[in-house]
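Structural features, examined
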Amino acid sequence: MSTQRSPRTLVGLAILGAVAVMGAACASGGPSSAPTSSAEPNGDDSAIVEKLVGVWGEDAPGQPHLEFTAGGEVHGSDGCNGVTTTYSVNGDRVDLARFASTLKACPGVDDWMRGVRAVEIDGDVLVIKDASGTELGTLPRAS
């Protein structure tokens, strides 16, 4: 009895195996390059996190804002689309992973926050920077 399989069957099995491997990696959480704040930040990091936690910008329709949690999460809006990510404290700089975002079309909305990769606190102002450290804009601390 012969057990030869057609090339079409072999391709199907290869695809099925690849999907199974990807599914297992997703289910297990897999390795992530997203930064997170450490569970036990050192004293300097704790002071930065304490200053950072809260809402920056105006939490109103059409207005950009970011809300930082003590657990290393960031949620908000670029003025149109909802955004979420994680952050890590690195000295006086706070690094953000790329945003996960909704994808609504928003004619006339300035999406300047799309490139945010880091923030710094300057008093009651959050300075938004891109990956190269160039300032993109600022958000005031919400009252």
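Presented here is an overview of the structure given in this document. Remember, it's a predicted structure, so these values are computed and weren't measured experimentally. (Residues numbered from 1 in each chain as written. Predicted model: local features only at pLDDT ≥ 70, side-chain atom pairs only at ≥ 80, totals over all residues. Heavy atoms only, no water.)

**With respect to the side chain of N81**
Along the chain, N81 turns up in the loop between β3 (73-78) and β4 (82-90). On the basis of relative accessibility, which here comes to 2%, the residue N81 falls in the buried class. One polar contact links N81 to T102, side chain to side chain, over a distance of 2.8 Å. Here L103 takes part through its backbone nitrogen, which lies 3.2 Å from a polar atom of the side chain of N81. Sequence-distant contacts of N81, that is, excluding residues within four places in its chain, are made with G76, S101, T102, L103, K104, C106 and R114. (Helix = DSSP H or I, 4+ residues; strand = E, 2+ residues; numbered from the N terminus. Buried < 20%, exposed > 50% of the residue type's maximum accessible area, 1.4 Å probe, protein only. Polar contact = N/O pair within 3.5 Å; in protein donor to acceptor, adjacent residues only side chain to side chain. Contact = heavy atoms within 4.5 Å.)

**What about the state of the cysteines?**
Counted according to the given criterion, the structure contains 1 disulfide. A sulfur-sulfur distance of 1.1 Å marks the disulfide that ties C80 to C106. Of the two residues, C80 is situated in the loop between β3 and β4 and C106 in the loop between β6 (100-101) and β7 (118-122); the sequence distance between them amounts to 26 residues. The exposure class of C80 is buried, given its relative accessible area of 13%. When its relative accessible area of 23% is taken as the criterion, C106 is described as partly exposed. (Disulfide = S-S within 2.5 Å.)

**Thoughts on the packing of aromatic side chains**
Counted under the stated rule, the structure contains 1 aromatic pair. For the pair F68 and Y87, a centre-to-centre distance of 5.5 Å together with 70 degrees between the ring planes defines the contact as edge-to-face. With F68 in strand β2 (residues 64-68) and Y87 in strand β4, this residue pair connects regions lying 19 residues apart in the sequence. Both residues of the pair, F68 and Y87, belong to the buried class. (Phe/Tyr/Trp six-rings, centres within 6.5 Å; stacked < 30°, edge-to-face > 60°.)

**Notes on the pattern of salt bridges**
Under the defined criterion, the tally for this structure stands at 4 salt bridges. For D111, the salt bridge is made with R114, and the minimal N-O distance between the two is 3.3 Å. The partner of K129 in a salt bridge is E120, and the shortest N-O contact between them spans 3.3 Å. With relative accessibility at 26%, the residue E120 sits in the partly exposed group. (Salt bridge = Lys/Arg side-chain N within 4 Å of Asp/Glu carboxyl O.)

**Examining the pairing of β3**
Sheet analysis places β2 next to β3, joined by 5 bridges and oriented antiparallel. The residue bridging E67 from the neighbouring strand is H75, located in β3. Between the antiparallel neighbours β2 and β3 lie 4 residues, among them G72 with a positive phi of about 90 degrees. Bridge count for β3 against β4 is 5 bridges, and the pairing is antiparallel. Within β4, the residue paired with S77 across the bridge is G82. The hairpin turn running from β3 into β4, its antiparallel successor, is 3 residues long, and G79 in that turn takes a positive phi close to 110 degrees. (Pairing = 2+ DSSP bridges.)

**A short note on the side chain of H65**
Along the chain, H65 falls in strand β2. We classify H65 as buried; its relative accessible area is 10%. Within the structure, the side chain of H65 is placed 3.3 Å from the side chain of D59, a separation counted as a polar contact. One polar contact links the side chain of H65 to the main-chain carbonyl oxygen of Q63, over a distance of 3.3 Å. Setting aside chain neighbours within four positions, we find H65 in contact with W56, G57, E58, D59, H75, G76, S77, M113 and L139.

By themselves, these are just geometric observations and shouldn't be taken as functional.
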